[in-house]
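Survey of secondary and tertiary structure
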Amino acid sequence: MAETPTSRIWGGRLKYLGLAAAIMFVQLLPLGAIPAQIAGPDFLLVVTLAYAARRPEYLQVGVVIAVFLLADLLFQRPPGLWAAFVCILSEMLRKRSKGLRNVPLLLEWATVSLGILAITLGYRLVLTVTLVPQAPLGLTLMQMLMTMAAYPIVVLIAQFFFGLSRPAPGQVDSFGHKL
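Overview of the structure.

This part is about the nonpolar core. Judged by nonpolar contacts, the single largest core of 44 residues is most densely connected at Y16, L44, L49, Y51, V67, F68 and Y151. Among the secondary structure elements, those contributing two or more residues to this core are α1 (5-28), α2 (43-54), α3 (61-74), α4 (81-100), α5 (105-129) and α6 (137-162). Not counting residues within four places of it along the chain, the set of residues in contact with Y16 comprises V47, T48, Y51, L59, V63, V67 and F68.

Looking now at the packing of α2 against α4. Each pair of packed helices can be described by the angle between their axes along with the distance between the axes. Between α2 and α4, the least distance of the axes is 7 Å, while the angle of their chain directions is 30°. In the packing of α2 onto α4, the handedness of the crossing is right-handed. In this structure, α2 contributes L45, T48, L49, A52 and A53 to the contact, and α4 contributes W82, V86, L89, S90, L93, R94, S97 and L100. Per-class residue counts for the contact of α2 with α4 are nine nonpolar, three polar and one charged.

Here the phi dihedral of Q76 falls at roughly 55°; this positive angle occurs in a residue that is not glycine. Position of Q76 relative to the elements: it lies in the loop between α3 and α4. The exposure class of Q76 is exposed, given its relative accessible area of 73%.

Turning to the pattern of salt bridges, a few remarks are in order. Tallied over the entire structure, the rule returns five salt bridges. The closest approach of N and O atoms between E57 and R8, which form a salt bridge, is 3.6 Å. Taken together, the residues span a long stretch of sequence, with E57 in the loop between α2 and α3 and R8 in helix α1 at a distance of 49 residues. Residue classification places E57 among the partly exposed positions, given a relative accessible area of 23%. With relative accessibility at 19%, the residue R8 sits in the buried group. In this structure, E57 and R55 form a salt bridge, with 3.2 Å as the shortest nitrogen-oxygen distance. Assessed through its relative accessible area of 7%, R55 is described here as buried. Taken together, the shared-partner salt bridges in this structure form one network comprising R8, R55 and E57.

Rules used in this analysis
- Residues numbered from 1 in each chain as written.
- Predicted model: local features only at pLDDT ≥ 70, side-chain atom pairs only at ≥ 80, totals over all residues.
- Heavy atoms only, no water.
- Core = buried A, V, L, I, M, F, W, Y, C linked by side-chain atoms within 4.5 Å.
- Buried < 20%, exposed > 50% of the residue type's maximum accessible area, 1.4 Å probe, protein only.
- Helix = DSSP H or I, 4+ residues; strand = E, 2+ residues; numbered from the N terminus.
- Contact = heavy atoms within 4.5 Å.
- Axes fitted to C-alpha atoms, helices over the stretch in contact; angles between N-to-C directions.
- Left-handed = near helix turned anticlockwise from the far one by under 90°.
- Nonpolar A, V, L, I, M, F, W, Y, C, P; charged D, E, K, R; others polar.
- Salt bridge = Lys/Arg side-chain N within 4 Å of Asp/Glu carboxyl O.

Set out below in structure tokens:
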């Protein structure tokens, strides 16, 4: 049976929600009693940005807000602040997704990295202005760099295991609509 565009889109959305739930579950597991000396990448952010840049039709703004608001509540961050920054960045990438189709991975990676830099510094600035306690600057910068470095790896894994590839220029679905 042929796959319809609607089932393909809903399948992609369900894959994203499954990945987000799995990432949050793993991050909540008590794997060690000693605090880590290095900060790992934010895989939830990387997966969201990969979906926004490569297949924006799978990722709706309401889903991004819901996932990151839940993550804010679960990880005890200020509710809605990180969700707002990620939502803004994902929408910016969604608007640029057609232009990112024809560029090499290196340029896509640079675009996403600049976005990660902007939202990390913006988040840190808002927390500083409102006098909210926050992690040391070194750990924040380390997590930001690790997140930037993880983007191409996550994109390659998502492409090979989850089929998250960029649509080719001029590619149409089974109804003849341009992707």
